[in-house]
Amino acid sequence: MGEDRFSRLFKKLTLNLSEETINLDLKGLESFCQNISLNIKLGDIICLFGELGSGKTTLVRYIINSIYTKNKTKKPKTIKSPSFPILLTYEINNFEIYHYDLYRISKRSELSEINILEELNNSITFIEWPEIIIDDLKKDFNFYSIDLAIINEHTRKIKHNLIFN
């Protein structure tokens, strides 16, 4: 039931973009994330869709760790879900990685309180539960989307439009 809602929203957002669907276990997900880390750049925004427990934070954790490895920088000790604080930041060399979880944001007016739109061009940004901000992103930003769905305890179906230039 939840998967259908996210799949419909994902399809609406990526209508004119190439997309790929893959099934991955944790090892495959880690390799997928390493590939993303090799291609991601400042100003990139990745919106993560999927039901609770589908692996959004795990995916972000793998990408952030891979970015640190790529930049030959010591990895953070922990990369947690920003569900409670809404935003966690990670400094790396001369830029920051922003990891938002908008699950608890219920009104668009709350977005201005967390200044989410001000720093998007100067960072690498991950947004879990981005439904409330999608209209703003579509107007002013280029972004990628990843939709995760649970197949079983060890495997996720991942639909994405991460076609890098």
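Given the structure is predicted, the values throughout are model-derived calculations rather than measurements.

1. Brief notes about the packing of helix H2 (residues 26-39) against helix H3 (residues 56-70)
Then comes step 1: Running from N to C, H2 and H3 cross one another at 50 degrees; their axes reach a closest spacing of 8 Å. Between H2 and H3, the angle is such that the two are oblique. In the packing of H2 onto H3, the handedness of the crossing is right-handed. Along the contact surface, H2 presents Leu26, Leu29, Glu30, Phe32, Cys33, Gln34, Ile36, Ser37 and Leu38, while H3 presents Thr58, Leu59, Tyr62, Ile63, Ser66, Ile67 and Lys70.
Then comes step 2: Here the residues of the contact of H2 with H3 are counted per class, giving 10 nonpolar, 4 polar and 2 charged.

2. Description of unusual backbone geometry
Then comes step 1: Phi is positive for Ile86, close to 75 degrees, though the residue is something other than glycine.
Then comes step 2: Position of Ile86 relative to the elements: it lies in the loop between H3 and strand E3 (87-92).
Then comes step 3: We note that Asn115 has phi near 50 degrees; this positive angle belongs to a residue other than glycine.
Then comes step 4: When you line up the elements, Asn115 lands in the loop between helix H4 (109-113) and strand E5 (123-128).

3. Focus on the nonpolar core
Then comes step 1: Grouped together as the largest cluster of nonpolar side chains are 28 residues, with contacts concentrated most on Phe32, Ile46, Leu59, Ile97, Phe126 and Ile146.
Then comes step 2: Listed by contribution, the elements that provide at least two residues to this core are strand E1 (20-24), H2, strand E2 (45-50), H3, E3, strand E4 (95-101), E5 and strand E6 (144-152).
Then comes step 3: Among the elements that line this core, the one with the most residues is H3, at 7 residues.
Then comes step 4: Membership of the second largest hydrophobic core comes to 18 residues, among which are Ile45, Cys47, Tyr100 and Ile134.

4. Looking at H3
Then comes step 1: Between its first and last C-alpha, H3 extends 21 Å over 15 residues, near the 21 Å set by a 1.5 Å rise per residue.
Then comes step 2: Extensive coverage of H3 is indicated by the burial of 11 of its 15 residues.
Then comes step 3: Within the sequence span of H3, burial applies to Lys56, Thr57, Leu59, Val60, Tyr62, Ile63, Ile64, Asn65, Ser66, Ile67 and Tyr68.
Then comes step 4: For H3, the elements touching its buried residues are H2, E2, E3, E4, E5 and E6.
Then comes step 5: Directly beyond the C-terminal end of H3, a positive phi value near 50 degrees is found at Lys72.

What counts, and at which threshold
- Residues numbered from 1 in each chain as written.
- Predicted model: local features only at pLDDT ≥ 70, side-chain atom pairs only at ≥ 80, totals over all residues.
- Heavy atoms only, no water.
- Axes fitted to C-alpha atoms, helices over the stretch in contact; angles between N-to-C directions.
- Helix = DSSP H or I, 4+ residues; strand = E, 2+ residues; numbered from the N terminus.
- Parallel < 35°, antiparallel > 145°, perpendicular 65-115°, else oblique.
- Left-handed = near helix turned anticlockwise from the far one by under 90°.
- Contact = heavy atoms within 4.5 Å.
- Nonpolar A, V, L, I, M, F, W, Y, C, P; charged D, E, K, R; others polar.
- Core = buried A, V, L, I, M, F, W, Y, C linked by side-chain atoms within 4.5 Å.
- Buried < 20%, exposed > 50% of the residue type's maximum accessible area, 1.4 Å probe, protein only.
- Expected span 1.5 Å × (residues − 1).

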